[in-house]
Amino acid sequence: TTQREVAREEKDRIRHRTMNVHPSTSESNHVAAPRKEIHPNEPRCEAAVQPRTYPDEVVRVDGNERDLADETSTVEGTEAEDVQDPNARGQPHGKDNPYAQWAFEDLCGNGTGPTRGEKAGWTKRATIKFWRYCINPCKQIYLYAQTVRPPTNHLMLQFRTYNRDYEIPHANDDYLAPLLRDELMPSRGQAMRKKLPRMKIMHDVTQWPVLGLPGIVNFIDARTQWFDEAIASALDAGITQVVVVAAGFDTRAYRFGRQGVTFFEIDLPDASRKKQELVQKLIPKTEYRWPEFVAADLSTISLENALKGTSFLKTKPSLFIMEGLVYYLKPAAVKGLLESISSLSAKGSRVQFDFVKLSTLAGDNFNPGFDTMRLSVFNKGERFRSGINH
């Protein structure tokens, strides 16, 4: 307990983190998602408010730290030397920032090599590896059939809408997500609207300790609110451009659209085409403001090149959103994406994303829920490829 308190005090002392994106020295306007009052039958999952810091406990499940934490920073600095030199603007980027002398590779990795910072002893690490690669795969007996379909972005729609459909107090405000879910998954959508027992059973199975992902529904719900709050705060602060990277079935462009604000939804060509078809059918332009759709594969072109031909202006402050993306990218891709964002950011710009803790990805922390999730995404042909040192 003493070590835990000392670690927390040390983390609280860290005001900003340098990661190729230069944080602003001004007061951040970001407000994290409000605390959720959880239904008695639900695991505890709440969002903590930590202004001007990188929250290390954004979500808790059953009293334990979640491994998917959320990041926010305010980007400032349009000159390359400004962004790269942590001492260029003084505190807290200089001597008081313990991360200032770290290379990007020390902050972000794939979990296979040596890492700086939080580490487990070889005995604990070996035990976790034995669990992850020898015991955990036994979950495939029941997990494979449940997770091989539907796709991850469909499943996130289901999780995002569950608390609203079941009238859990303080559910997120994404009132458009059920429209997309019902169009993509009509059977599940109908079952959730009617609150059929099979959906409740499926939800309860998901919450099994060790065998399931306890707290995942509340985590997605809280994460949705957290990103919503970030956009609302940015728009109120005068930001007029919002770039949603790997937009998927994100609906914020339509829910937060207002006069003078432009949203840019970037996604793979096939995903972007599918999204446009859904929007044309379900979210008419006569009732909602539409974003500018950008069909681009960011693994082959830079973010800056993807935005060419749009109305995006580098001279205007922008908010960059990356929800549920960073941990699917290799560290080099994460670095390249952050560098692109930095090069596109005028003074006062912000970037918001969630990530997996590198120590958990590397096997320094025992978290059976994370290992279940890791196996679930593997069944869909996906992998967690990077984590960020916390």
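Residues numbered from 1 in each chain as written. Predicted model: local features only at pLDDT ≥ 70, side-chain atom pairs only at ≥ 80, totals over all residues. Heavy atoms only, no water.

A. Looking closely at the overall build of the protein chain. Along the protein chain, the regular secondary structure elements total 16 helices and eleven strands. Per-residue burial over the protein chain gives 53% buried out of 390 residues. Considering only intrachain contacts with a sequence separation of at least 6, the fraction spanning at least 24 residues in the protein chain is 75%. Carbon and sulfur atoms form 53% of the exposed surface of the protein chain, whose accessible area is close to 17800 Å². (Helix = DSSP H or I, 4+ residues; strand = E, 2+ residues; numbered from the N terminus. Buried < 20%, exposed > 50% of the residue type's maximum accessible area, 1.4 Å probe, protein only. Contact = heavy atoms within 4.5 Å. Areas by Shrake-Rupley, 256 points an atom, 1.4 Å probe, with all protein chains shown as cover.)

B. Structural context of the confidence of the model for the protein chain. Chain-level pLDDT for the protein chain is 79 on average; 72% of the residues reach the 70-or-more range. Contacts from residues 13–93, a stretch scored under 50 in pLDDT, to residues over four places away or in other chains number 227 contacts. (pLDDT = per-residue confidence, 0-100.)

C. Representation of the pairing of strand 9 (residues 318–322) in the model. Of all five residues that make up strand 9, five are buried, and the element is covered over most of its length. Alternating positions in strand 9 separate into two faces, S318, F320 and M322 on one and L319 and I321 on the other, with burial throughout. One ladder, built from four bridges, connects strand 6 (residues 241–245) with strand 9; its direction is parallel. By the bridge assignment for strand 9, V242 is matched with L319. With four bridges connecting them, strand 9 and strand 10 (residues 349–356) associate as parallel partners. Directly across from F320, in strand 10, lies its bridge partner V351. After leaving strand 9, the chain enters helix 14 (residues 331–344) and then returns to the sheet as strand 10, a path that is right-handed. (Pairing = 2+ DSSP bridges. Right-handed = clockwise from strand over helix to strand, strands pointing away.)

D. Region of the structure containing the packing of aromatic side chains. For the structure shown, the criterion picks out ten aromatic pairs. Ring centres 4.3 Å apart and planes at 15° place the aromatic pair Y162 and Y166 in the stacked group. A single burial state applies to Y162 and to Y166, both of which are buried. Measuring from ring centre to ring centre gives 5.5 Å for F370 and F384, while their planes differ by 20°; the resulting arrangement is stacked. With F370 in helix 16 (residues 368–379) and F384 in the loop between helix 16 and strand 11 (387–388), this residue pair connects regions lying 14 residues apart in the sequence. Owing to a relative accessible area of 5%, F370 belongs among the buried residues under this scheme. A residue is classified by how much of its surface remains accessible, and F384, at 7% relative accessible area, is buried. (Phe/Tyr/Trp six-rings, centres within 6.5 Å; stacked < 30°, edge-to-face > 60°.)

E. Main features of the pattern of salt bridges. Summed over all chains, the structure comprises 20 salt bridges. Taking the shortest distance from any N to any O, the salt bridge between K335 and E105 comes out at 3.8 Å. Of this pair, K335 sits in helix 14 while E105 sits in helix 3 (residues 104–107); the two residues are 230 residues apart in sequence, bridging distant segments of the chain. Taking relative accessible area as the criterion, K335 reaches 26% and is therefore assigned partly exposed. As a salt-bridge pair, D228 and R255 come within 3.1 Å of each other at their nearest N and O atoms. On the criterion of sequence distance, the pair formed by D228 in helix 10 (residues 216–236) and R255 in helix 11 (residues 252–255) is long-range, its members being 27 residues apart. (Salt bridge = Lys/Arg side-chain N within 4 Å of Asp/Glu carboxyl O.)

F. Quick look at the packing of helix 4 (residues 122–135) against helix 16. Running from N to C, helix 4 and helix 16 cross one another at 35°; their axes reach a closest spacing of 11 Å. Considering the relative orientation of helix 4 and helix 16, their crossing is right-handed. Along the contact surface, helix 4 presents W131, R132 and Y133, while helix 16 presents P368, F370, D371 and R374. Taken together, the residues of the contact of helix 4 with helix 16 sort by class into four nonpolar, no polar and three charged. (Axes fitted to C-alpha atoms, helices over the stretch in contact; angles between N-to-C directions. Left-handed = near helix turned anticlockwise from the far one by under 90°. Nonpolar A, V, L, I, M, F, W, Y, C, P; charged D, E, K, R; others polar.)

G. Structural context of the nonpolar core. Ranked by internal contacts, the top residues of the largest apolar core, which has 25 residues, are L303, L307, F320 and M322. Elements that contribute at least two residues to this core include exactly strand 6, strand 7 (262–267), helix 13 (303–306), strand 9, helix 14 and strand 10. Examining the composition of this core, we find that five residues originate from one element, helix 14, more than from any other. Ignoring any residue separated from it by four or fewer positions in sequence, one finds M322 in contact with F227, V245, L337, L338, I341, V351, Q352, F353 and D354. Membership of the second largest hydrophobic core comes to 20 residues, among which are F159, M192, L213 and I220. (Core = buried A, V, L, I, M, F, W, Y, C linked by side-chain atoms within 4.5 Å.)

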